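Residue-level listing of the chains:
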Amino acid sequence: MTGFTMTISGAAATGDGTFDVVDPATGEVFAQAPDSGRDQLDAAMNAAARAYRHWKLDDRARRRTLLDTAVVLESNIERLARLLTSEQGRPLPEAHAEIGWATAWLRYYAGLELPREIVQDDRSGFAEVVRRPAGVVAAIVPWNLPIILAVWKFAPALLAGNTVVLKPSPFTPLATLAMGEMLREVFPPGVLNIISGQDPLGAWMTAHSTPWKISFTGSVATGMKVAAAAARDLKRVTLELGGNDPAIVLEDADPGRIADDVFTGAFMNNGQNCMVIKRVYVHERRHAELVEALAERARTARVGNGFDDVQLGPIANRPQFDRVSELVTDAVAHGAVAAAGGRALDRPGYFFAPTILTGVADGIRIVDEEQFGPALPVIAYRDLDDVIDRANDTPYGLTASVWTNDIARAADVASRLECGQVTVNAHGNGLRPDLPFGGHKQSGIGVTNGPWGLHRFTEIQVLTAPARVA
Ligand code: NAD
């Protein structure tokens, strides 16, 4: 599969060369993507800066184009979903769902009105806090959810009146490039530029003098480099980074009833979502029962090529496959027992058996680090205060969940957890267009989604006048 082009100033653009894109279900190269050099990056930034002058002026046109974008994605859903499954590995129905969420987010933003923030309106004067766009936004996306995470960035950035230069991950550039091609007639030239390249392109973007803001989703390690690059000329940043998200199962929770939701909360997208459950702490009286219920689901999960009738596809790329394998091997070397899985599948591609680990404790890498894959440690605890401390004893702070029939107790536990979202009796239910999503501690800076996320793509301006401004 070849023929993918970048979108710069509304036109097709090739790179200085190309780089390989690998199908994780086979481990084979199946496409090439354009490798943007500095000249193409400059062209994209210049186009975005030119387009900004007009784009910021017409609020209605901006809302209309977001609605048009949703329609274009819907009418091309099959092609986009197939590209996502080919490059990222997730089952085709989930790829469809990702495009569906993207359209829901686009429609939400198209209708999002921010209330006016009038501080004074009387005979002695008028004062209002106004949110203004500020120019070009550089948007950098990881490989786990390429389309939805791109939309989370460009939809609010464009709605606010900014223009965008967006780079997908080098592991998953194709659906995003195709989306750019589909949207060339929707946006005026230069408003949404999509360029592809390898990791150095991301570093060039963050060091470039044109953007006023970087919206980045990816690992903590890269997020720190982005923050350091942004500090050189005080660019604004939103950083959506990794997590080590705990699920805390209280003594009264029924393992048989919650196992399906805990399993889904940990293994959706093959464990490769920033906010999935990365470690389960379960009261010691319920531990054996929950381990067996989760292991049963792991053993019977259908794993295979995302184009077949499966629940879980391959791990999305070779480095991530190696990392998950390494963390599971390390855990077993430290005494962990695999109640299910524990090894790669003996077939081509990056397939790993869904793994439930017991006999693990804090201090083991798979508990302390973000595994980002289909391997879940399930840890027994006795004392609730102690386990809350252990859940918080991490540099991460993205999401958590509490599982109990006692909602008041769950709310008390939630109030003591250091993270951006807590869900009771489910995991990740706060991931909605109208709720802010972001991490405490090293899981990020700022939030995305809702009016709170939109504000992050604006600068505040105070307007004072002798009388009310209409
Ligand atoms: P990554 O940090 O390796 O790469 C992310 C993006 O940054 C890619 O596009 C990459 O090319 C680019 N990049 C690499 N080096 C760069 C540099 N020096 N400057 C600027 N950009 C650079 O992350 P990944 O492996 O693609 O994604 C997985 C990580 O993303 C996990 O840690 C996961 O938790 C996190 N994530 C977070 C969220 C969230 O909303 N909090 C959502 C999804 C994924």
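Note that the coordinates shown come from a computational prediction; the quantities given were computed from them, not determined experimentally.

Draft legend 1. The arrangement of the site of the ligand in detail. Every one of the 29 residues lining the ligand counts as a neighbour, but Asp-199, Ser-219, Thr-222, Leu-241 and Glu-370 are closest to it. Contact distances for the ligand include 3.4 Å between a nitrogen atom and a backbone N or O atom of Ala-203. Here an oxygen atom of the ligand and a side-chain polar atom of Glu-370 are 2.5 Å apart. Surface burial for the ligand is 91%, taken as the share of its 840 Å² of free accessible area covered by protein chains. Tallying contributions element by element places helix 7 (residues 199-207) first for the shell around the ligand, with four residues. For the shell around the ligand, a count of residues per class yields 15 nonpolar, nine polar and five charged. Shared between two domains, the shell around the ligand holds at least three residues of each, these being domain 1 (2-241) and domain 2 (246-424).

Draft legend 2. Highlighting unusual backbone geometry. Positive phi outside glycine occurs at Asn-270, with the angle close to 60°. Tracing the backbone shows Asn-270 in the loop between helix 9 (255-267) and strand 13 (277-283). One non-glycine residue, Asn-449, lies in positive phi territory at about 80°. On the secondary structure map, Asn-449 appears in the loop between strand 19 (444-445) and helix 15 (450-455).

Draft legend 3. Local environment of the sheet that holds strand 12 (residues 245-249). Spatially, 14-15-16-13-12-17-18 is the arrangement adopted by the seven strands of the open sheet, whose pairing is mixed. A strand with exactly one partner marks an edge of an open sheet, and here the two such strands are strand 14 (337-340) and strand 18 (421-424). Taking the axes of each pair of neighbouring strands and ignoring which way they run, one obtains an average angle of 25° across the sheet. Sheet analysis places strand 15 (residues 355-358) next to strand 16 (residues 375-381), joined by three bridges and oriented parallel. The residue bridging Ile-356 from the neighbouring strand is Leu-376, located in strand 16. Along the sheet, helix 9 contacts strand 12, strand 13, strand 15, strand 16 and strand 17 (399-403); its crossing angle with strand 13, the most-contacted strand, is approximately 150°. Seen against the sheet, helix 10 (residues 284-300) touches strand 12, strand 13, strand 14, strand 15 and strand 16 and runs at an angle of roughly 140° to strand 13.

Draft legend 4. Molecular detail of the UniProt feature "domain: Aldehyde dehydrogenase" (unreviewed entry) in the protein chain. This chain's UniProt record puts "domain: Aldehyde dehydrogenase" (unreviewed entry) on residues 17-462. Spanning residues 17-462, this segment combines 41% helix with 21% strand, and its end C-alpha atoms are found 47 Å apart.

Draft legend 5. Highlighting the pairing of strand 8 (residues 163-167). Counting buried positions along strand 8 gives five out of five residues, so the element sits mostly inside the fold. Neither face of strand 8 is exposed, since Thr-163, Val-165 and Lys-167 on one face and Val-164 and Leu-166 on the opposite face are all buried. As judged from the five bridges shared by strand 7 (residues 136-140) and strand 8, these two strands associate in the parallel manner. Residue pairing across strands places Val-136 opposite Thr-163, the latter belonging to strand 8. Crossover strand 7 to strand 8 through helix 5 (residues 146-159) is right-handed. Judged from the three bridges that link them, strand 8 and strand 9 (residues 192-194) form a sheet pairing that is parallel. Note that in strand 9 the partner of Leu-166 across the bridge is Ile-194. Considered for its hand, the β-α-β crossover made up of strand 8, helix 6 (residues 174-182) and strand 9 is right-handed.

Draft legend 6. Representation of the pairing of strand 10 (residues 213-217) within the structure. Extensive coverage of strand 10 is indicated by the burial of five of its five residues. Neither face of strand 10 is left uncovered, since the one carrying Lys-213, Ser-215 and Thr-217 and the one carrying Ile-214 and Phe-216 both have all their residues buried. Relative to strand 10, strand 7 runs parallel, the two being bridged by four bridges. Its bridge partner being in strand 10, Val-137 is matched across the sheet by Lys-213. In this sheet, strand 11 (residues 236-240) lies alongside strand 10 in parallel orientation, the contact comprising five bridges. Looking across to strand 11, one finds that Phe-216 is bridged to Leu-239. In the classification by handedness, the crossover that spans strand 10, the intervening helix 8 (residues 220-231) and the parallel strand 11 is right-handed.

Draft legend 7. Region of the structure containing the UniProt feature "active site" (unreviewed entry) in the protein chain. As recorded in UniProt, the sites labelled "active site" (unreviewed entry) are Glu-240. Residue classification places Glu-240 among the buried positions, given a relative accessible area of 7%. With residues near it in sequence (within four places) discarded, Glu-240 still touches Phe-216, Thr-217, Gly-218, Phe-437, Gly-438, Ser-443, Gly-446, Val-447 and Thr-448.

Draft legend 8. How the structure looks around the domain arrangement of the protein chain. Domain boundaries in the protein chain define domain 1 (2-241) and domain 2 (246-424). Relative to domain 2, the C-alpha centre of domain 1 lies at a distance of 31 Å. Each side of the interface is counted separately: domain 1 has 21 residues, and domain 2 has 24 residues. For the pair domain 1 and domain 2, the summed buried area comes to about 1,700 Å², and 60% of that belongs to carbon and sulfur atoms. If you look at where domain 1 meets domain 2, you find zero salt bridges. Linking domain 1 with domain 2 are five residue pairs in polar contact (both at pLDDT 80 or more). Tallying contributions element by element places helix 3 (residues 77-88) first for the side of domain 1 that touches domain 2, with five residues. Of the residues that constitute the side of domain 1 that touches domain 2, the class distribution is ten nonpolar, seven polar and four charged.

Draft legend 9. View of the sheet that holds strand 5 (residues 117-122). Taken in spatial order, the three strands of this open sheet run 5-6-20, and their pairing is antiparallel. Each end of this open sheet is capped by a strand with a single partner; those strands are strand 5 and strand 20 (459-465). Neighbour to neighbour, the strand axes of the sheet diverge by 20° on average, direction disregarded. Relative to strand 6 (residues 125-132), strand 5 is paired through five bridges, and the arrangement is antiparallel. Looking at the pairing, Gln-120 lines up with Ala-127 of strand 6.

Reading the values: the criteria
Residues numbered from 1 in each chain as written. Predicted model: local features only at pLDDT ≥ 70, side-chain atom pairs only at ≥ 80, totals over all residues. Heavy atoms only, no water. Near = heavy atom within 4 Å. Polar contact = N/O pair within 3.5 Å; in protein donor to acceptor, adjacent residues only side chain to side chain. Areas by Shrake-Rupley, 256 points an atom, 1.4 Å probe, with all protein chains shown as cover. Helix = DSSP H or I, 4+ residues; strand = E, 2+ residues; numbered from the N terminus. Nonpolar A, V, L, I, M, F, W, Y, C, P; charged D, E, K, R; others polar. Domains from an automatic or database assignment. Pairing = 2+ DSSP bridges. Axes fitted to C-alpha atoms, helices over the stretch in contact; angles between N-to-C directions. Contact = heavy atoms within 4.5 Å. UniProt positions renumbered as here; feature names shortened; annotations may be inferred. Buried < 20%, exposed > 50% of the residue type's maximum accessible area, 1.4 Å probe, protein only. Right-handed = clockwise from strand over helix to strand, strands pointing away. Buried area = accessible area lost by both parts, 1.4 Å probe. Salt bridge = Lys/Arg side-chain N within 4 Å of Asp/Glu carboxyl O.

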